[in-house]
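# Results of the structural survey
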Amino acid sequence: RSVASRQRLTAMRKDGVEVPVSVALNSLMIDGQRQVVSAVRDMSADYQAARELTQLNQRLEIATGAAGMGIWEYDTRTGAVNWDAQMHRQYRLDQNFDLDIRSWMNLFDEDYQETFKRAIRETILDGSEFDLLARAQDSAGNEIWIRLIAAPKLDPDGFTQTLVGTQLNVTDEVDVERELRIAYERAAEANVELEALNQELEEAREVAERAAHVKGDFLANMSHEIRTPLNAVVGINHLLERQLIDA
């Protein structure tokens, strides 16, 4: 029968540097006598890796928080869902929210629930990534638009074990896009009306030009018709004046 014990202590290396160590003691009964076997392992590299991982997680949390991006995980075998704090903030839910895949999907509008289910199912089956835009509601009933991006995490046998993804609230972007689309449609309608007005103006200009041409022809003809009898009148008047003088 053996009794094992493991403790974490500090030790002094030959160079005088104090380092964290893991000491494993194993007590064995051999031939009726107790023998103790110990193993000492330098834990410096492990502690350094743990510190770097903690710093990396802190930096990641700061970066995603600044970008308004949430991080989520879905265990395909147990159905468990994990959110970071940003995910809770996007839905305005506290940390005590009873979270699983079903309660999460219930936050989606009905039209997008099946789309989300299909995206998850296809990712699990073929190991593909998905990028999904969906409409949901927060706890206050406000409409929000979210962009979900996910990738599979495989087990040693190559099967999808976990989906790891991000979520970004893109409500403002969707609203701006909607307003731009409305403005474009209005501009298109105004352009059609402007083209129709230009056509009417062009037709009016052609009518005016034809009217001006007809008027010019009319005045030219009338001038000729008026000058002919006037010349005769002037001539007769001249003859009468000479006759009066001669008399």
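In this report, we go over the structure that sits alongside the text. Just so it is clear, the model here is predicted, and its values are computed rather than measured. Residue positions are counted from 1 within each chain, in the order its sequence is given. Selection of residues for local features in this predicted model requires a pLDDT of at least 70, selection of side-chain atom pairs for listing and counting requires 80 or more, and totals for whole chains, interfaces and linings are taken over all residues. The basis for every side-chain value is the complete set of non-hydrogen atoms in the structure, without hydrogens or water.

## A short note on the overall build of the protein
Helix and strand definitions here come from DSSP, where helices need a minimum of 4 consecutive H or I residues and strands a minimum of 2 consecutive E residues; each element is numbered from the N-terminal end. Looking only at helices and strands, one finds five helices and eight strands in the protein. Written out in order from the N terminus, the α and β elements of the protein read β-β-β-α-β-β-α-α-α-β-β-β-α. Out of the 247 residues in the protein, the part that is buried amounts to 22%. Considering only contacts within the protein whose residues lie at least 6 apart along the sequence, 38% involve residues at least 24 apart. Computed by Shrake-Rupley with a 1.4 Å probe, the accessible areas treat only the displayed protein chains as cover when residues are assessed. As displayed, the protein offers around 18200 Å² of accessible surface, 54% of which is attributable to carbon and sulfur atoms. Each residue is assigned to one of three classes by its accessible area relative to the maximum for its type, calculated with a 1.4 Å probe on protein chains only: buried under 20%, partly exposed between the two thresholds, exposed over 50%. Any two residues whose heavy atoms approach within 4.5 Å are treated as being in contact.

## Brief notes about the sheet that holds strand β6 (residues 130-137)
The antiparallel open sheet is built from five strands, whose spatial order is β5-β4-β8-β7-β6. Pairing within the sheet leaves two strands with one partner each, and these edge strands are β5 (81-83) and β6. Across the sheet, the mean angle from the axis of one strand to that of its neighbour is 25°, orientation sign disregarded. Here, any two strands with at least 2 DSSP bridges between them count as paired. Bridge count between strand β7 (residues 143-154) and strand β8 (residues 160-169): nine bridges; the pairing is antiparallel. Lines fitted to C-alpha atoms define the axes, with helix axes restricted to the stretch in contact, and inter-axis angles between N-to-C directions lie between 0 and 180 degrees.

## So, helix α4 (residues 110-126)
Because each turn of an α-helix spans 3.6 residues, side chains separated by three or four positions in sequence point in the same direction. Every helix has an expected span of 1.5 Å times one less than the residues it contains. Look at α4: 25 Å from first C-alpha to last across 17 residues, which is about the 24 Å you get at 1.5 Å a residue. Looking only at α4, the buried set comprises Tyr-112, Gln-113, Phe-116, Ala-119, Ile-120 and Thr-123. The buried residues of α4 occupy an angular sector of 130° when the element is viewed end-on, so they sit on one face. Away from the buried face of α4 by more than 90 degrees, exposed residues Glu-110, Asp-111, Leu-125 and Asp-126 are located. Phi turns positive, to about 70°, at Gly-127, one or two residues after α4. Think of it as the arc spanned by the lines of direction from the helix axis to the C-beta atoms.

## Overview of the pattern of salt bridges
The term salt bridge refers to a pairing of a side-chain nitrogen on Lys or Arg with a carboxyl oxygen on Asp or Glu at a separation within 4 Å. Taken as a whole and judged by the stated rule, the model has nine salt bridges. A salt bridge links Glu-114 to Arg-121, with the shortest nitrogen-to-oxygen separation between them at 3.8 Å. The exposure class of Arg-121 is partly exposed, given its relative accessible area of 42%.

## Here's the deal with the packing of aromatic side chains
Pairing of aromatic side chains here covers Phe, Tyr and the six-membered ring of Trp, requires ring centres within 6.5 Å, and sorts the geometry by plane angle: under 30 degrees stacked, over 60 edge-to-face, intermediate tilted. Applying the stated criterion across every chain yields a total of nine aromatic pairs. Among the aromatic side chains, those forming a connected cluster through ring pairs are Trp-72, Trp-83, Tyr-91, Phe-97, Trp-104, Phe-108, Phe-116 and Phe-130.

## What about the nonpolar core?
Working definition of a nonpolar core: buried Ala, Val, Leu, Ile, Met, Phe, Trp, Tyr and Cys residues. They are joined through side-chain atoms within 4.5 Å. Among the nonpolar cores identified, the biggest contains 29 residues, and Trp-72, Trp-83, Tyr-91 and Trp-104 are the most heavily contacted of them. Mapped by element, the contributors of at least two residues to this core are β4 (69-75), β5, α2 (85-91), α3 (101-105), α4, β6 and β7. The biggest single contributor to this core is β7, with five residues. Trp-104 has contacts with Trp-72, Val-81, Trp-83, Met-87, Tyr-91, Leu-99, Phe-116, Leu-148 and Gln-167, leaving out every residue within four places of it along the chain.

## So, the side chain of Gln-90
Looking at the element boundaries, Gln-90 is found in helix α2. In this structure the side chain of Gln-90 is engaged in a polar contact, spanning 2.7 Å, whose partner is the side chain of Gln-167. Those residues within four positions of Gln-90 in sequence are excluded, and the remaining contacts are Gly-68, Met-69, Gly-70, Asp-138, Ile-144, Ile-146, Gln-167, Leu-168 and Asn-169. For this analysis, a polar contact is any N or O atom pair within 3.5 Å, provided that within protein one partner can donate a hydrogen and the other can accept it, and provided that sequence-adjacent residues contribute only side-chain to side-chain pairs.

## Some thoughts on the side chain of Gln-167
For Gln-167, the location among the structural elements is in strand β8. Side chain to side chain, Gln-167 and Tyr-91 meet in a polar contact 2.9 Å long. What Gln-167 contacts, discounting residues up to four positions off in sequence, is Gly-68, Met-69, Gly-70, Trp-72, Met-87, Gln-90, Tyr-91, Trp-104, Ile-146, Arg-147 and Leu-148.

## Re a nonpolar patch on the surface
Two distance rules govern patches: like charges are joined within 9 Å, and nonpolar side chains (Val, Leu, Ile, Met, Phe, Trp, Tyr) within 5 Å, applied only to residues with over 30% relative accessible area and no salt bridge. A contiguous nonpolar patch, built from Leu-194, Leu-197 and Leu-201 and spanning about 270 Å² of accessible area, is present on the exposed surface. Relative to the assigned elements, Leu-201 resides in helix α5 (residues 171-246).

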